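# Chains, contacts and geometry: an overview
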Amino acid sequence: MSSPDAGRPSPASPAVADTSRRTAVLDAALPTFARFGYRKTSMEEVARAAQISRPGLYFLFSSKEELFRAAVIQLLERDLAAVEHVLADAARPLPERLAEAFDQWAGRYVGPAARDITEVIEANPGLLGETTETAPRRFEALVTDAVAVETGREKARAVARTLNSASIGLKHQARSREFFLERLRVAIGLLVG
C-alpha cells in the first residue's frame with residue numbers, strides 16, 4: 001500500500017531545493033538590477049547577491065535577460081496574488097480592501113529605495129514582452145470585479161481605471177508610502193465611498 005504522499009517531492013527533494021534556490025536567486029536579482037541598472041548589472045553581481053556560484057546561476061538562468069524577466073514576473077505574480085487575496089475578503093469594507101490592494105500593487109514601490117525597482121522595470125519594457133501589458137490588465141480586472149459587486153459592471157470599469165490612473169500619478173509624486181495611501185484613500189472615498 002502506498003502512502004498518500006507517494007509521488008510528491010519531499011521537502012528535501014532536488015525539485016523543491018531547485019525551486020527554493022530559484023526563488024531566492026530571483027529575490028536577490030531584482031534589487032541588484034535596481035541598484036546598478038539592467039545594463040551595468042553583471043551575472044557575477046547577481047550571483048554574489050544570491051550567494052550562489054556564477055556557474056550555479058547560469059545553471060538556473062541561461063542569460064541575464066532571462067533572469068531579469070523571471071525576476072520581474074515573480075514579483076508581479078506575488079503582487080497580483082496578494083491583491084487577489086485582499087480583494088476576495090468580502091467581510092471587509094470595499095474602500096479598505098481597495099486601499100490595501102493598491103498599496104500591494106503600487107504603494108509598496110513608493111519611496112527612494114523601492115522606486116529604483118520600478119524604474120529598472122519601466123526602463124526595460126522590451127525585455128519583458130507582454131508582461132508589461134498583461135499584469136496591469138489583470139490588476140485592473142481584479143479591481144473591476146471587486147467594485148462591480150457594489151456598483152455594477154459598467155461603473156466598476158470606470159472606477160477601476162480612474163483609481164488606477166490616480167495611483168500611477170500618486171506613485172510618481174508621493175514622497176512616502178503614507179502620503180500615497182492618504183491621497184489614494186481620498187480618491188477611493190470620492191469614487192466608491
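Scope of this entry: the structure provided in the associated data block. As the structure is a prediction and not an experimental result, all values here were calculated from the model.

## Regarding unusual backbone geometry
Non-glycine residue Gln51 carries a positive phi angle of around 55°. Tracing the chain through its elements places Gln51 in the loop between α2 (43-50) and α3 (54-60). The exposed category is assigned to Gln51, whose relative accessible area is 75%.

## Quick look at helix α10 (residues 177-191)
Taking 1.5 Å of rise per residue, 15 residues should cover 21 Å, and α10 covers 21 Å from first to last C-alpha, within 8% of that figure. Among the residues of α10, those classed as buried are Phe179, Phe180, Leu181, Leu184, Ala187 and Ile188. Buried residues along α10 sit against α5 (94-105) and α9 (153-173).

## Things to note about the packing of α5 against α9
The interhelical angle for the contact between α5 and α9, taken along N-to-C directions, is 50°, at an axis separation of 11 Å. One element, α5, and the other, α9, form an angle in the oblique class. Regarding α5 and α9, the two cross each other, and that crossing is right-handed. On α9, the residues touching Leu98, Phe102 and Trp105 of α5 are Leu163, Asn164 and Ser167. A breakdown of the residues in the contact of α5 with α9 according to their chemical character gives 4 nonpolar, 2 polar and no charged.

## Remarks on the pattern of salt bridges
Evaluated as defined, the whole model comprises 13 salt bridges. Between Arg78 and Asp27 there is a salt bridge whose closest N-O contact spans 2.7 Å. Taken together, the residues Arg78 in helix α4 (residues 64-88) and Asp27 in helix α1 (residues 14-36) connect sequence positions 51 residues apart. Among the ionic pairs, Asp79 bridges to Arg108, the shortest N-O distance being 2.5 Å. One end of the pair, Asp79, is in helix α4; the other, Arg108, is in the loop between α5 and α6 (112-122), with 29 residues separating them in the sequence.

About the thresholds
Residues numbered from 1 in each chain as written. Predicted model: local features only at pLDDT ≥ 70, side-chain atom pairs only at ≥ 80, totals over all residues. Heavy atoms only, no water. Helix = DSSP H or I, 4+ residues; strand = E, 2+ residues; numbered from the N terminus. Buried < 20%, exposed > 50% of the residue type's maximum accessible area, 1.4 Å probe, protein only. Expected span 1.5 Å × (residues − 1). Contact = heavy atoms within 4.5 Å. Axes fitted to C-alpha atoms, helices over the stretch in contact; angles between N-to-C directions. Parallel < 35°, antiparallel > 145°, perpendicular 65-115°, else oblique. Left-handed = near helix turned anticlockwise from the far one by under 90°. Nonpolar A, V, L, I, M, F, W, Y, C, P; charged D, E, K, R; others polar. Salt bridge = Lys/Arg side-chain N within 4 Å of Asp/Glu carboxyl O.

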